Amino acid sequence: MGLLDGLLWRGRSPQFDSGSASSNAIELTKRHGQVSLTKQDAATGHLRINLNWRMRSSDIGGPQRESLLRHPFKALKPPEVVAHSQSMVNVDLDLGCLYELTDGTKGVVQPLGGLLGDVNAPPYVKLSGDDRFGSASGETMYINLDQREHIKRLLVFVYIYDQTPAFDRTEATVTLFPSNGPRIEIGLDERHPLARSCAVVMIENVKGELIVRREVKFVYGFQAELDRLYGWGLQWGRGYKTKADR
(Lines give C-alpha, C1' and ligand atoms only; values in the text may rest on other atoms or scores of the structure.)
Protein backbone atom coordinates (compact mmCIF):
# COMPACT_ATOMS: atom_id res chain seq x y z
CA MET A 1 0.00 0.00 0.00
CA GLY A 2 1.28 3.45 -0.86
CA LEU A 3 2.00 6.25 1.55
CA LEU A 4 -1.53 7.54 1.13
CA ASP A 5 -4.46 6.04 -0.76
CA GLY A 6 -5.68 9.54 -1.30
CA LEU A 7 -6.07 10.17 -5.03
CA LEU A 8 -9.29 8.79 -6.49
CA TRP A 9 -9.39 7.58 -10.04
CA ARG A 10 -12.99 7.69 -11.27
CA GLY A 11 -14.00 4.20 -11.64
CA ARG A 12 -35.60 1.91 13.01
CA SER A 13 -33.55 4.34 14.96
CA PRO A 14 -33.96 5.84 18.45
CA GLN A 15 -35.15 9.44 18.47
CA PHE A 16 -33.57 12.06 20.69
CA ASP A 17 -36.13 14.78 21.33
CA SER A 18 -33.62 17.30 22.57
CA GLY A 19 -29.98 17.71 23.41
CA SER A 20 -28.23 18.24 26.68
CA ALA A 21 -29.93 20.93 28.74
CA SER A 22 -26.59 22.57 29.44
CA SER A 23 -25.03 22.44 25.97
CA ASN A 24 -27.96 21.82 23.61
CA ALA A 25 -26.05 18.93 22.08
CA ILE A 26 -26.62 15.26 21.36
CA GLU A 27 -23.57 13.09 21.99
CA LEU A 28 -23.54 9.91 19.95
CA THR A 29 -22.01 7.08 21.97
CA LYS A 30 -21.69 3.31 21.69
CA ARG A 31 -24.88 2.96 23.72
CA HIS A 32 -26.86 5.68 21.94
CA GLY A 33 -25.35 5.57 18.50
CA GLN A 34 -27.86 7.07 16.08
CA VAL A 35 -30.41 9.79 15.58
CA SER A 36 -32.97 10.63 12.90
CA LEU A 37 -32.63 14.04 11.30
CA THR A 38 -36.07 13.56 9.78
CA LYS A 39 -37.71 13.05 13.19
CA GLN A 40 -35.83 16.09 14.46
CA ASP A 41 -37.29 18.18 11.60
CA ALA A 42 -33.68 18.84 10.63
CA ALA A 43 -33.50 17.11 7.24
CA THR A 44 -33.51 20.34 5.21
CA GLY A 45 -31.10 23.18 4.53
CA HIS A 46 -27.34 22.91 4.84
CA LEU A 47 -25.96 20.45 7.37
CA ARG A 48 -22.63 21.81 8.59
CA ILE A 49 -20.01 19.31 9.77
CA ASN A 50 -16.97 20.54 11.68
CA LEU A 51 -13.74 18.75 12.62
CA ASN A 52 -11.92 20.34 15.52
CA TRP A 53 -8.83 18.94 17.20
CA ARG A 54 -5.91 19.73 19.44
CA MET A 55 -2.90 17.99 20.89
CA ARG A 56 -3.42 16.15 24.17
CA SER A 57 -2.13 18.32 27.01
CA SER A 58 0.32 15.61 28.10
CA ASP A 59 2.05 15.94 24.72
CA ILE A 60 2.55 19.73 24.80
CA GLY A 61 3.73 20.17 28.34
CA GLY A 62 0.33 20.84 29.80
CA PRO A 63 -0.09 21.78 33.45
CA GLN A 64 0.77 19.05 35.93
CA ARG A 65 -1.38 18.45 38.98
CA GLU A 66 0.27 19.43 42.23
CA SER A 67 -0.99 19.28 45.77
CA LEU A 68 -2.29 22.60 47.08
CA LEU A 69 -1.34 21.48 50.59
CA ARG A 70 2.32 21.40 49.54
CA HIS A 71 2.05 24.51 47.35
CA PRO A 72 -0.81 26.65 48.73
CA PHE A 73 0.08 29.70 46.64
CA LYS A 74 -0.15 27.81 43.34
CA ALA A 75 -3.88 28.54 43.26
CA LEU A 76 -3.13 32.28 43.11
CA LYS A 77 -0.67 31.94 40.24
CA PRO A 78 -2.10 32.23 36.70
CA PRO A 79 -1.57 29.16 34.53
CA GLU A 80 1.56 29.18 32.44
CA VAL A 81 1.07 29.70 28.72
CA VAL A 82 2.75 26.92 26.78
CA ALA A 83 3.96 27.68 23.29
CA HIS A 84 3.09 25.38 20.40
CA SER A 85 5.89 22.90 19.94
CA GLN A 86 7.12 21.51 16.64
CA SER A 87 5.36 18.22 17.42
CA MET A 88 2.09 20.07 17.62
CA VAL A 89 2.27 21.82 14.26
CA ASN A 90 3.20 18.54 12.56
CA VAL A 91 -0.21 17.01 13.25
CA ASP A 92 -2.50 17.33 10.25
CA LEU A 93 -5.98 15.82 10.52
CA ASP A 94 -8.11 15.97 7.38
CA LEU A 95 -11.89 15.69 7.02
CA GLY A 96 -13.35 13.74 4.12
CA CYS A 97 -16.55 12.14 2.89
CA LEU A 98 -17.23 9.08 0.77
CA TYR A 99 -20.53 9.58 -1.06
CA GLU A 100 -22.98 7.38 -2.91
CA LEU A 101 -25.91 8.98 -4.71
CA THR A 102 -29.20 7.30 -5.59
CA ASP A 103 -28.25 7.23 -9.31
CA GLY A 104 -25.22 5.06 -8.45
CA THR A 105 -22.61 7.83 -8.60
CA LYS A 106 -19.80 7.28 -6.08
CA GLY A 107 -16.78 9.32 -5.12
CA VAL A 108 -14.94 11.21 -2.41
CA VAL A 109 -14.70 14.78 -1.11
CA GLN A 110 -11.38 15.54 0.60
CA PRO A 111 -8.52 18.08 0.66
CA LEU A 112 -6.11 15.66 -1.02
CA GLY A 113 -6.22 16.18 -4.75
CA GLY A 114 -8.39 19.28 -4.38
CA LEU A 115 -11.57 17.19 -4.43
CA LEU A 116 -13.59 19.78 -2.54
CA GLY A 117 -17.01 18.92 -3.99
CA ASP A 118 -20.01 21.14 -4.70
CA VAL A 119 -22.94 21.98 -2.44
CA ASN A 120 -25.37 23.04 -5.21
CA ALA A 121 -24.61 20.24 -7.68
CA PRO A 122 -23.70 16.56 -7.32
CA PRO A 123 -22.44 15.30 -4.90
CA TYR A 124 -24.14 18.07 -2.84
CA VAL A 125 -21.20 17.94 -0.42
CA LYS A 126 -18.65 20.75 -0.15
CA LEU A 127 -15.45 21.01 1.90
CA SER A 128 -14.57 24.58 2.82
CA GLY A 129 -10.81 24.08 3.02
CA ASP A 130 -7.87 22.41 4.75
CA ASP A 131 -6.89 23.28 8.33
CA ARG A 132 -3.25 22.37 8.86
CA PHE A 133 -2.76 23.33 12.49
CA GLY A 134 -5.92 22.60 14.48
CA SER A 135 -7.18 26.17 14.54
CA ALA A 136 -10.26 27.22 16.48
CA SER A 137 -12.43 26.98 13.36
CA GLY A 138 -11.12 23.57 12.31
CA GLU A 139 -12.26 22.05 9.01
CA THR A 140 -15.84 22.41 7.82
CA MET A 141 -17.98 20.50 5.36
CA TYR A 142 -21.47 21.35 4.10
CA ILE A 143 -24.17 18.93 2.92
CA ASN A 144 -27.19 20.19 1.01
CA LEU A 145 -30.08 18.28 2.58
CA ASP A 146 -32.57 19.99 0.28
CA GLN A 147 -31.20 17.48 -2.25
CA ARG A 148 -31.61 14.55 0.15
CA GLU A 149 -33.64 12.53 -2.38
CA HIS A 150 -30.43 12.25 -4.45
CA ILE A 151 -28.31 11.07 -1.49
CA LYS A 152 -28.09 7.35 -0.66
CA ARG A 153 -25.30 7.33 1.92
CA LEU A 154 -22.43 9.53 3.10
CA LEU A 155 -19.51 8.29 5.20
CA VAL A 156 -17.71 11.12 6.99
CA PHE A 157 -14.15 10.17 7.90
CA VAL A 158 -10.95 11.66 9.31
CA TYR A 159 -7.43 10.70 8.32
CA ILE A 160 -3.93 11.73 9.31
CA TYR A 161 -1.88 13.06 6.43
CA ASP A 162 1.75 12.06 5.80
CA GLN A 163 4.24 11.11 8.53
CA THR A 164 2.47 12.69 11.49
CA PRO A 165 1.56 11.40 14.96
CA ALA A 166 -1.45 9.13 15.29
CA PHE A 167 -4.89 9.60 16.85
CA ASP A 168 -3.73 8.78 20.38
CA ARG A 169 -1.87 12.12 20.45
CA THR A 170 -4.86 14.26 19.54
CA GLU A 171 -8.26 15.10 20.99
CA ALA A 172 -10.63 15.37 18.04
CA THR A 173 -14.38 16.01 17.83
CA VAL A 174 -16.65 15.91 14.81
CA THR A 175 -19.77 18.04 15.27
CA LEU A 176 -22.85 18.14 13.06
CA PHE A 177 -24.89 21.37 13.03
CA PRO A 178 -28.34 20.69 11.52
CA SER A 179 -30.59 23.49 10.32
CA ASN A 180 -32.90 22.80 13.26
CA GLY A 181 -32.49 21.36 16.74
CA PRO A 182 -29.41 20.46 18.76
CA ARG A 183 -25.99 19.85 17.34
CA ILE A 184 -24.66 16.29 17.22
CA GLU A 185 -21.21 15.49 18.63
CA ILE A 186 -18.96 12.47 18.05
CA GLY A 187 -15.73 12.33 20.03
CA LEU A 188 -12.67 10.49 18.70
CA ASP A 189 -11.30 9.80 22.15
CA GLU A 190 -10.31 6.15 21.82
CA ARG A 191 -6.59 5.36 21.91
CA HIS A 192 -5.40 3.79 18.65
CA PRO A 193 -1.69 4.63 18.36
CA LEU A 194 -1.20 2.92 14.97
CA ALA A 195 -4.42 4.00 13.27
CA ARG A 196 -4.19 6.44 10.38
CA SER A 197 -7.88 6.81 9.49
CA CYS A 198 -11.24 6.74 11.23
CA ALA A 199 -14.76 6.27 9.86
CA VAL A 200 -16.67 8.71 12.07
CA VAL A 201 -20.32 8.87 11.07
CA MET A 202 -22.66 7.49 8.40
CA ILE A 203 -25.53 9.60 7.06
CA GLU A 204 -27.95 7.30 5.28
CA ASN A 205 -31.25 7.72 3.47
CA VAL A 206 -33.41 4.85 4.69
CA LYS A 207 -36.78 4.86 2.89
CA GLY A 208 -36.83 8.64 2.90
CA GLU A 209 -35.63 9.02 6.49
CA LEU A 210 -32.19 10.54 7.08
CA ILE A 211 -30.37 8.59 9.78
CA VAL A 212 -27.11 9.72 11.40
CA ARG A 213 -25.20 6.75 12.82
CA ARG A 214 -22.02 6.79 14.86
CA GLU A 215 -19.26 4.59 13.44
CA VAL A 216 -15.90 5.56 15.05
CA LYS A 217 -14.03 2.68 13.43
CA PHE A 218 -10.26 3.16 13.33
CA VAL A 219 -8.20 1.51 10.60
CA TYR A 220 -4.46 1.26 10.04
CA GLY A 221 -4.59 2.26 6.38
CA PHE A 222 -6.14 5.13 4.51
CA GLN A 223 -9.14 5.75 2.26
CA ALA A 224 -8.79 2.47 0.36
CA GLU A 225 -9.14 0.51 3.59
CA LEU A 226 -12.24 2.48 4.58
CA ASP A 227 -13.60 1.79 1.09
CA ARG A 228 -13.11 -1.96 1.53
CA LEU A 229 -14.62 -1.89 5.01
CA TYR A 230 -17.84 -0.27 3.77
CA GLY A 231 -17.97 -1.74 0.27
CA TRP A 232 -17.73 1.46 -1.78
CA GLY A 233 -15.89 -0.24 -4.65
CA LEU A 234 -13.76 2.68 -5.85
CA GLN A 235 -10.28 2.46 -7.36
CA TRP A 236 -7.58 4.30 -5.45
CA GLY A 237 -4.09 5.48 -6.31
CA ARG A 238 -1.24 7.08 -4.45
CA GLY A 239 -1.67 10.79 -3.82
CA TYR A 240 0.05 13.78 -2.24
CA LYS A 241 -0.83 17.32 -1.28
CA THR A 242 0.65 20.06 -3.40
CA LYS A 243 2.56 22.93 -1.78
CA ALA A 244 -0.53 25.08 -2.18
CA ASP A 245 -2.62 22.47 -0.36
CA ARG A 246 -0.12 22.27 2.45
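Above this text you will find the structure in question.
Attention in this report is confined to the structure presented alongside it.

Scoring rules and cut-offs
- Residues numbered from 1 in each chain as written.
- Predicted model: local features only at pLDDT ≥ 70, side-chain atom pairs only at ≥ 80, totals over all residues.
- Heavy atoms only, no water.
- Pairing = 2+ DSSP bridges.
- Helix = DSSP H or I, 4+ residues; strand = E, 2+ residues; numbered from the N terminus.
- Axes fitted to C-alpha atoms, helices over the stretch in contact; angles between N-to-C directions.
- 1 Å grid on protein atoms, 1.4 Å probe; cavity = no way out; pocket = protein on both sides within 12 Å on 5 of 7 lines; lining within 4 Å.
- Points joined across faces, edges and corners; volume = space filled by probe spheres on them.
- Nonpolar A, V, L, I, M, F, W, Y, C, P; charged D, E, K, R; others polar.
- Buried < 20%, exposed > 50% of the residue type's maximum accessible area, 1.4 Å probe, protein only.
- Contact = heavy atoms within 4.5 Å.
- Arc of directions from axis to C-beta.

With antiparallel pairing, six strands are arranged side by side in an open sheet as S3-S14-S13-S10-S5-S6. Pairing within the sheet leaves two strands with one partner each, and these edge strands are strand S3 (34-36) and strand S6 (106-109). Between one strand axis and the next, the sheet turns through 20 degrees on average, direction left out of account. Bridge count between strand S13 (residues 197-206) and strand S14 (residues 209-219): nine bridges; the pairing is antiparallel. Bridging from a neighbouring strand, Asn205 pairs with Leu210 of S14.

Take the layout of surface pockets next. Reported here for the second largest pocket is a volume of approximately 180 Å³. Forming the boundary of the second largest pocket are Glu27, Leu28, Thr29, Lys30, Ala172, Thr173, Glu185, Ile186, Gly187, Leu188, Asp189 and Arg214. Contributions of two or more residues to the lining of the second largest pocket are made by strand S11 (170-177) and strand S12 (183-188). Per element, the largest residue contribution to the lining of the second largest pocket is four residues, and it comes from S12. Along the lines of polarity and charge, the residues of the lining of the second largest pocket split into four nonpolar, three polar and five charged.

A word on the environment of Thr29. Inspection of the secondary structure puts Thr29 in the loop between strand S2 (25-27) and S3. Thr29 sits in the partly exposed class, given a relative accessible area of 25%. Between the alpha carbons of Thr29 and Glu215 there is a distance of 9.3 Å; along the sequence they are 186 residues apart.

Moving on to the environment of Gly33. Looking at the element boundaries, Gly33 is found in the loop between S2 and S3. Apart from the residues within four sequence positions on either side, Gly33 is in contact with Leu28, Val212, Arg213 and Arg214.

Within the sequence span of helix H2 (residues 223-230), burial applies to Gln223, Ala224, Leu226, Asp227 and Tyr230. Viewed along the axis of H2, the buried residues span an arc of 160 degrees, placing them on a single side of the element. As for H2, its buried residues are in contact with strand S5 (93-101), strand S10 (151-160), S13, S14 and strand S15 (235-237). Directly beyond the C-terminal end of H2, a positive phi value near 65 degrees is found at Gly231.

As far as function goes, none of this settles anything; it's purely spatial.
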